[in-house]
Amino acid sequence: MLGMEILVIIGLILLLLVLWIISVQRKFAVMDGNIQNAMNQIGVQISSRFDALFAVLDLMKGYAADDKKIKAAVNKLMDGAAARRSVITARSAPEEVSEQEQVIEETVKSIRLAAERNPLLCADKNYTKCMDAVECYGRMVYTSRLIYNDSVTKLNSALGMFPTNVIAGILGFHKREYLSQKGD
């Protein structure tokens, strides 16, 4: 009889251990999913920001129709931004987001410099609307960066706790890098 009781106790302990491991796996899967979702949102917003930039560049081409030098500069700017544009997905690295934002910021700076030389463009409602969209998407990216970094903090903190870090390591979960904020 004593042997049977020991087997039952061992069986219960193993069952509790398996349930705990499943619980830990689900907890980390949810945290990992939150990080991936935040990165996807950043990708969508960066893509929308690029679309708004290309709309501004198309508008600038119309204003430069008679000036071959300006039109060539706008085409070069469009081609350069298009060549350096890449898609941000759930699996993208923080460096990829920073690279895409740098491309956008350089393009915005060039657009503003060119627009300063053309008061008609600055007065155009479509120009204003498109540049407002660029800024709006920029603020949305900033907010999504905060959400991403908060999700990374939660995951990284949980990964630093014993004994869940052992199970998480076995299950393939690892610490994530933060997205730097502008000015960092």
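Conventions we followed
- Residues numbered from 1 in each chain as written.
- Predicted model: local features only at pLDDT ≥ 70, side-chain atom pairs only at ≥ 80, totals over all residues.
- Heavy atoms only, no water.
- Axes fitted to C-alpha atoms, helices over the stretch in contact; angles between N-to-C directions.
- Helix = DSSP H or I, 4+ residues; strand = E, 2+ residues; numbered from the N terminus.
- Parallel < 35°, antiparallel > 145°, perpendicular 65-115°, else oblique.
- Left-handed = near helix turned anticlockwise from the far one by under 90°.
- Contact = heavy atoms within 4.5 Å.
- Nonpolar A, V, L, I, M, F, W, Y, C, P; charged D, E, K, R; others polar.
- Core = buried A, V, L, I, M, F, W, Y, C linked by side-chain atoms within 4.5 Å.
- Buried < 20%, exposed > 50% of the residue type's maximum accessible area, 1.4 Å probe, protein only.
- Salt bridge = Lys/Arg side-chain N within 4 Å of Asp/Glu carboxyl O.

A.B. asks: Explain the packing of helix 1 (residues 2-63) against helix 3 (residues 94-116) to me, using residue names and the numbers behind them.
C.D. replies: Where helix 1 meets helix 3, the closest approach of the two axes is 11 Å, and the angle between their N-to-C directions is 20°. By the angle class used here, helix 1 and helix 3 are roughly parallel. Where helix 1 crosses over helix 3, the handedness of that crossing is left-handed. Residue-level contacts link Met39, Ile42, Ile46, Arg49, Phe50, Leu53, Val56, Leu57 and Met60 of helix 1 to Pro94, Val97, Gln100, Glu101, Val103, Ile104, Glu105, Thr107, Val108, Ile111 and Ala114 of helix 3. Residues that form the contact of helix 1 with helix 3 fall into these classes: 15 nonpolar, 2 polar and 3 charged.

A.B. asks: Kindly report on the nonpolar core, identifying the contributing residues and their values.
C.D. replies: Counting residues in each nonpolar core, the largest one holds 41 residues, and the members touching the most others are Phe28, Ile46, Ile111, Tyr127 and Tyr148. Elements represented by at least two residues in this core include exactly helix 1, helix 2 (68-84), helix 3, helix 5 (125-159) and helix 6 (164-170). Of the residues forming this core, the biggest block, 16 residues, is contributed by helix 1. In contact with Ile111, not counting residues within four places along its chain, are Leu53, Val56, Leu57, Met60, Leu77, Tyr127 and Met131.

A.B. asks: Run through the environment of Tyr178, naming residues and quoting values.
C.D. replies: By the element assignment, Tyr178 lies in the segment after helix 6. The sequence separation of Tyr178 and Glu95 amounts to 83 residues, and the corresponding C-alpha distance is 9.6 Å. With residues near it in sequence (within four places) discarded, Tyr178 still touches Pro94, Tyr148, Asn149, Val152, Thr153 and Asn156.

A.B. asks: Outline the pattern of salt bridges, listing residues and values.
C.D. replies: Enumeration over the complete set of coordinates arrives at 7 salt bridges. With a closest N to O distance of 3.2 Å, Arg49 and Glu105 form a salt bridge. A residue pair is termed long-range when its members are at least 10 positions apart, and Arg49 in helix 1 and Glu105 in helix 3 qualify at 56 residues. With relative accessibility at 32%, the residue Glu105 sits in the partly exposed group. For Lys154, the salt bridge is made with Asp150, and the minimal N-O distance between the two is 3.3 Å. Placement of the pair is Lys154 and Asp150 together in helix 5, with a separation of 4 residues, close to one helical turn.

Function cannot be read off these values alone, since they describe shape.
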